[in-house]
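Report on the structure
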Amino acid sequence: MINVVGLGYIGLPTALMLADSGVEVIGTDINKEVIETLRNGKVTFEEEGLTSLFKSALEKGIQFSESYSESDFYIISVPTPYNKVNKKIDPSYVIGAIKQVLKVCKKEAIIVIESTVSPGTIDQYVRPMIEESGYKVGIDVHLAHAPERILPGQMIQELRLNSRTIGADNLKIAQKVKDIYSSFCEGEIATTEIRTAEMTKVVENTFRAINIAFANELTKLAHQEKMDVYEIIKIANMHPRVNILNPGPGVGGHCIPVDPWFLVGDYPRLTNLISTALEINESMPEHVLSRIHEIMEENGIKDKNKIGIYGLTYKSDVDDVRESPTLQMFEKMSEKFSTPFRVYDPMVTKKIVDSQVFDFDQFLEESEVIVIMQNHSHIKENINKLQNKLLLDTQNFIENSYKL
Ligand SMILES: NC(=O)c1ccc[n+]([C@@H]2O[C@H](COP(=O)([O-])OP(=O)(O)OC[C@H]3O[C@@H](n4cnc5c(N)ncnc54)[C@H](O)[C@@H]3O)[C@@H](O)[C@H]2O)c1
C-alpha cells in the first residue's frame, strides 16, 4: 500500500493514477476540508479528465484520510515555497510531513519526495532531521526524489506520457521506485542520484523562465520602437535553430516564478542571468499597467471604472490563481491607480479579490476597455461579444486589438 501525503494539484492526480492502475493507495492531507470533499465524492479543483479518473480510482478502492498510514512506501507532495527575502527554499512542509511519516512507517520504508526542492535540500535538511530523530537512512528508511513535470490543464495525459527522473541513493531503491511509477507512466524514466534529480528539476523550470524572459524583453523593446514583436518572433523562428517563446503578461503558478529563485538564493554570485530573467518576468504585470495607462490616454478615458480585466488564473482553462499575473498586477496598482480594476474569470468561482464580478454580461456592460490576461476557451467562444470594446490582448489571439 502506498501513502500519498499532500493531495493538492500534484499529489491528488498522482494518487488517483496509482489507484487507477491497480495499486492500493491511501491519500493523506492535513487539510480537513480537502479530505471531507474527497470523501464526499468530489474533486478539489478543476482539471481536464480529473473527475472521471477520480471515479475510477474510487471504484478501485482509493481511500482518503487526515492521518498518516502505516506503510512501506510514501510519496510526499507538499508545498515548497521560497523565502521572499533570502530567496532560499522553505523546506518546513517537507520536513513536517516526513517527521509524521517516521512515526508510522514500516522498517525499510521508501520515502519519495515528489515536491520540487532546491538542489541539496535532501542532504542539508531531510537526512539530518531523520538521523536526529533516531533513524538511519539506508537502514531504517530509504530516500528518493521523483520530481514532477506535468502541465496544469494536461495533467492526466502528461502523468501518463511524460518522461521523468528518479533520484535515489542506490540502484535497488531507484528500481523499486521506478517500478511503482511505471504502473502508470509510459514515458522513459531516468534514474540518477538524488542531488542530480533535485538539480535537474530546478534547471528545467529555470530554462523555461529564462526563455520566457527573453520574449518578454523583446516585447518591451519592440513596443518602444513601435514594432510588432509577434511578427519579429514568427520570422526569427523560421531560422532552423531559433525557437523564441511567446511573450506574456507575467509568469504565474507554483513552479516557474518560484523554483529558479532557489538557485539565486543558494548561489547569488553565480546566477546573474537567472536573477535578471526572473526580474524581467516579474516586471511584466507592471508593463501591462503602463499599457493600460497608454490606452486610456490615447482614447481620452479618464475613469478607471471603465477598465475590466478578463482572467485571474495564471494559465488558460485552469482555476489555479497562485502567483497569477493579474494578482501580481493588482499588488502593483497602487502606484498608478488606487484600487484594483474590475475583474472577471469564468474558471474562478471563489471570491479572490474585492473587485471580482461573477456575471460575464455585467462585466462586459460595465467595461469599455477589456484587458485579456488569459485566453480561456470561454473568451474564444464569446469573441463576438467583444465587438465595440477597446481590447488589450496580452495573449495575441484577437486581431485588431492593442498588444503588449
Ligand atoms: N502545481 C504544479 O503544477 C506543480 C508542478 C510540478 C511540481 N510541483 C511541485 O509539487 C509540490 C506540491 O505542489 P502542489 O501544487 O500540489 O501544492 P498544493 O498546495 O496544491 O498541495 C499541497 C497539499 O499538501 C497539503 N499538506 C501540507 N502540509 C502537509 C502535511 N504535513 N501533511 C499532509 N498534507 C500536507 C496541503 O494541505 C495541500 O493540500 C510543490 O513542491 C510544487 O513545487 C507543482
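These notes cover the structure that comes with them. Here the structure is a predicted model, which is why all the values come from computation and not from measurement. (Residues numbered from 1 in each chain as written. Predicted model: local features only at pLDDT ≥ 70, side-chain atom pairs only at ≥ 80, totals over all residues. Heavy atoms only, no water.)

So, the layout of surface pockets
- Counted as a void, the second largest pocket has a volume near 300 Å³.
- Contributing to the lining of the second largest pocket are 16 residues, with Lys84, Glu282, Glu323, Gln328 and Glu331 lying nearest its centre.
- At the level of secondary structure, the elements contributing two or more residues to the lining of the second largest pocket comprise α11 (272–298) and α12 (325–332).
- A per-element tally of the lining of the second largest pocket places α12 first, with 4 residues. (1 Å grid on protein atoms, 1.4 Å probe; cavity = no way out; pocket = protein on both sides within 12 Å on 5 of 7 lines; lining within 4 Å. Points joined across faces, edges and corners; volume = space filled by probe spheres on them. Helix = DSSP H or I, 4+ residues; strand = E, 2+ residues; numbered from the N terminus.)

Structural notes on the nonpolar core
- Ranked by size, the top nonpolar core spans 40 residues in total, and within it Leu7, Leu16, Phe64, Val112, Val177 and Tyr181 carry the most contacts.
- Here the element with the most residues in this core is helix α1 (residues 11–20); it accounts for 6 residues.
- Apart from residues lying up to four places away in sequence, Val112 is in contact with Phe73, Tyr74, Ile75, Ile76, Ala144, Ala146, Val177 and Tyr181.
- Within the second largest apolar cluster, 38 residues are counted, among which are Val5, Ile122, Val202 and Val264. (Core = buried A, V, L, I, M, F, W, Y, C linked by side-chain atoms within 4.5 Å. Buried < 20%, exposed > 50% of the residue type's maximum accessible area, 1.4 Å probe, protein only. Contact = heavy atoms within 4.5 Å.)

Some details on empty space enclosed by the protein
- For the coordinates displayed, the defined rule picks out 1 cavity of 30 Å³ or more.
- Its volume calculated, the largest cavity comes out at about 30 Å³.
- Lining the largest cavity are Tyr9, Phe45, Glu46, Glu47, Pro152, Val318, Asp319 and Asp320.
- Class assignment for the residues of the lining of the largest cavity results in 4 nonpolar, no polar and 4 charged.
- Here the lining of the largest cavity spans two domains, and each of domain 1 (2–202) and domain 2 (238–393) adds at least three residues to it. (Nonpolar A, V, L, I, M, F, W, Y, C, P; charged D, E, K, R; others polar. Domains from an automatic or database assignment.)

So, a nonpolar patch on the surface
- Together, Met199, Val203, Tyr267 and Leu270 line one region of the surface with nonpolar side chains, adding up to about 370 Å² of accessible area.
- On the secondary structure map, Leu270 appears in the loop between α10 (259–266) and α11. (Patch = residues over 30% accessible without salt bridge, like charges linked within 9 Å, V, L, I, M, F, W, Y side chains within 5 Å. Areas by Shrake-Rupley, 256 points an atom, 1.4 Å probe, with all protein chains shown as cover. Salt bridge = Lys/Arg side-chain N within 4 Å of Asp/Glu carboxyl O.)

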